[in-house]
Structures are given as C-alpha cells and as structure tokens.
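Examination of the molecular architecture
For reference, the chains in residue letters:
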Amino acid sequence: MRLPVAAGLAVCAFVTTGFAIAGGCEAHSSTTLTPVIELYTSEGCSSCPPADRWLSTLKVPAAKRGAVVQAFHVGYWDYIGWVDRFAAPLHTTRQNEIAHANRLSTIYTPQVVRDGLDWPRWRGGSAVLESTESAQAEIELRRTANGPDGDRFDAQVTPTGGADTPWAAYWSVTEHGHDSKVRAGENAGESLKHDFVVRQYVPVGSYRGPATLSFSSIAADPAHPRQVNLVVFEPASGKPLQALSLSCEVGRLSLS
C-alpha cells in the first residue's frame with residue numbers, strides 16, 4: 001500500500017548496540033556499527049501482518065541481538081475503517097524523511113528500512129543483524145532516575161571523527177507483547193501480535209562534537225518488556241554513526 005511522499009523534508013536515520021554493566025542499568029556501545037531496523041506498518045494494512053511476524057523473529061536476548069529494532073505504526077490507513085492505536089503523526093513524518101533521503105516517490109506499508117536505506121528484500125534476510133562496519137560514534141547510556149511516571153536516561157555521545165563532526169539523534173522506547181483484535185478494515189477478524197512497538201519517539205536535534213543528552217521516558221509497563229534506544233546519525237545523509245539499546249528492570253536501578 002503506497003502514498004505519495006510529502007516534499008521538502010529533512011533527512012533522518014542511524015544506529016549501534018552495546019552491553020549492560022553489572023550492578024547498574026547502563027550500557028556502552030561497541031566498536032562495530034549496530035544495524036538499525038525500522039518497520040513501517042499499520043493494523044489497517046492487509047499486507048502488514050507477515051512483516052510484523054518477521055520482525056518478531058528478531059526478538060532474541062538483547063546481548064545477542066546486535067541490532068536496534070523498531071516498529072513504527074502509521075495512521076494514514078486509518079480511514080479504511082480501523083484506527084491503529086499505536087500510530088503517531090511523528091512516525092509518518094519520519095517515514096517521509098527516509099523516503100526523501102532515498103529519493104522515493106511514495107511511502108508504503110509494510111516498509112523495512114535498514115540503516116536508513118529502503119530494504120525491500122527483507123523477506124528471508126538472514127544477514128539483517130550482521131555488521132562488520134566500524135562505528136563512527138561512541139555512546140554511553142545509563143538510567144539516572146526511575147519512578148512510577150517514567151524514567152530518566154543520560155547519554156554521552158562522542159563522534160570518532162573529531163570535535164567538529166556534525167551528528168543528529170533520536171530516542172525511542174519500544175515494547176514487546178502487544179495484541180490487538182481487529183474488528184474492521186482490511187484485517188477485520190484478525191488477532192495481531194506486535195513486538196518492538198515504538199511507544200515513544202523523540203528527535204533531539206543536531207550537534208557538533210561530544211555532547212550529553214537527557215531523556216525522560218514514559219512509564220514502564222511490567223506486562224510489556226521494553227528497550228530504550230538512542231540512534232545517532234549523520235544529518236546530511238542519514239547514514240548511521242552508532243546506536244544503542246538498553247533494557248532495565250521495572251522499579252529499581254538494576255540490570256534486566
């Protein structure tokens with residue numbers, strides 16, 4: 001399912017992963033670029049469930065996954081008869097930005113994007129989590145406060161290209177284990193399962209050289225394990241520099 005691309009939009013995209021430190025909820029990125037996988041999907045799109053199921057196959061332990069995986073639900077098919085409760089206008093904005101960077105004339109669902117590039121051959125993509133490219137930035141990420149209304153995270157970003165290296169970034173919160181019984185539209189009667197659902201997406205602007213970022217997340221839900229992700233990318237091209245994903249236990253500053 002396709003729509004025309006909105007014109008005149010800026011570029012976005014980027015990536016990295018790391019490991020958690022014993023004794024606290026924090027992680028450091030590795031020296032290898034972590035793949036960033038983005039799925040643009042909709043509960044109102046009949047061709048999307050196979051892509052949703054494929055994305056769920058990437059749900060392995062964070063320490064082994066080696067990727068930042070995100071499912072951005074969009075709302076431009078809501079008019080067909082079913083409103084996707086996970087959709088947000090900013091998700092469509094990001095998809096339009098990626099289409100602009102890839103010189104695509106349309107946006108569509110399901111669309112898989114790998115490291116900022118349109119990736120139509122995602123079916124059977126066994127190399128999706130593999131990367132040998134060197135990262136162009138370092139990230140240190142830690143949870144600094146937690147509470148019933150949300151958590152606070154701080155990140156130190158250091159581009160390896162030097163003090164004048166430009167970069168941009170965004171935060172996201174993704175959750176697993178969501179279920180929907182669709183009662184109308186193209187998927188009427190279907191029971192859909194979703195993982196890596198983007199529940200919060202916050203672009204944080206452009207920078208030069210090392211910088212510290214802070215982020216206030218939505219409240220964690222014990223019923224839906226989550227990751228807090230930070231993606232760093234080159235503003236001009238959308239090329240990933242590094243990305244990092246962090247999972248924390250609900251209710252206390254400790255390793256999940």
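Definitions and limits used
- Residues numbered from 1 in each chain as written.
- Predicted model: local features only at pLDDT ≥ 70, side-chain atom pairs only at ≥ 80, totals over all residues.
- Heavy atoms only, no water.
- Helix = DSSP H or I, 4+ residues; strand = E, 2+ residues; numbered from the N terminus.
- Buried < 20%, exposed > 50% of the residue type's maximum accessible area, 1.4 Å probe, protein only.
- Contact = heavy atoms within 4.5 Å.
- Areas by Shrake-Rupley, 256 points an atom, 1.4 Å probe, with all protein chains shown as cover.
- Core = buried A, V, L, I, M, F, W, Y, C linked by side-chain atoms within 4.5 Å.
- Pairing = 2+ DSSP bridges.
- Disulfide = S-S within 2.5 Å.
- Expected span 1.5 Å × (residues − 1).
- Polar contact = N/O pair within 3.5 Å; in protein donor to acceptor, adjacent residues only side chain to side chain.

**Considerations on the overall build of the protein chain**
- Looking only at helices and strands, one finds 3 helices and 17 strands in the protein chain.
- Counting across all 256 residues of the protein chain, residues that qualify as buried make up 51%.
- Sequence separation of 24 or more characterises 72% of the internal contacts of the protein chain that already satisfy a separation of 6 or more.
- As presented, the protein chain carries roughly 11,100 Å² of accessible surface, and 53% of it is formed by carbon and sulfur atoms.

**Thoughts on the nonpolar core**
- Counting 22 residues, the largest nonpolar core has Leu-141, Phe-153, Trp-167, Trp-171, Leu-230 and Val-232 as the members making the most contacts within it.
- Where this core is concerned, the elements lending two or more residues are strand S9 (137–147), strand S10 (150–159), strand S11 (166–175), strand S15 (211–216), strand S16 (226–233) and strand S17 (240–246).
- The element that contributes the greatest number of residues to this core is S11, accounting for 4 residues.
- Counting 20 residues, the second-largest nonpolar core is a separate cluster that includes Val-36, Tyr-40, Val-113 and Tyr-170.

**Topic: the pairing of strand S13 (residues 191–194)**
- Burial along S13 is one-sided: Leu-192 and His-194 are buried, while Ser-191 and Lys-193, pointing the other way, are not.
- In this structure, strand S12 (residues 178–181) lies alongside S13, joined through 4 bridges in antiparallel fashion. Considered in S13, the bridge of His-178 is made with His-194.

**Quick word on the state of the cysteines**
- The full count for this structure, using the stated rule, is 1 disulfide.
- Residue pairing for Cys-25: its cysteine sulfur links by disulfide to Cys-248, the two sulfurs lying 1.7 Å apart. For the disulfide bridge between Cys-25 and Cys-248, the dihedral angle about the S-S bond is near -90°, and by the sign convention the bridge is left-handed. Placement of the pair is Cys-25 in the loop between strand S2 (18–20) and strand S3 (26–29) and Cys-248 in the segment after S17, with a sequence separation of 223 residues. Taken as a pair, Cys-25 and Cys-248 share a single burial class, namely buried.

**Observations concerning helix H3 (residues 89–101)**
- Compared with an ideal rise of 1.5 Å per residue, which puts 13 residues at 18 Å, H3 spans 19 Å between its outermost C-alpha atoms and is within 8% of the ideal.
- Where H3 is concerned, the buried positions are His-91, Thr-92, Arg-94, Gln-95, Asn-96, Glu-97, Ile-98 and Ala-99.
- Immediately downstream of H3, the backbone of Arg-103 shows phi near 60°, a positive value.

**Structural notes on the side chain of Asp-154**
- Its place among the elements puts Asp-154 in strand S10.
- Of the polar contacts made by the side chain of Asp-154, one reaches the side chain of Arg-152; its length is 3.5 Å.
- Within polar-contact distance, the side chain of Asp-154 engages the side chain of Ser-214 at 2.8 Å.
- Ignoring anything within four residues of it in the chain, the contact list for Asp-154 reads Glu-140, Leu-141, Arg-142, Thr-144, Leu-213 and Ser-214.

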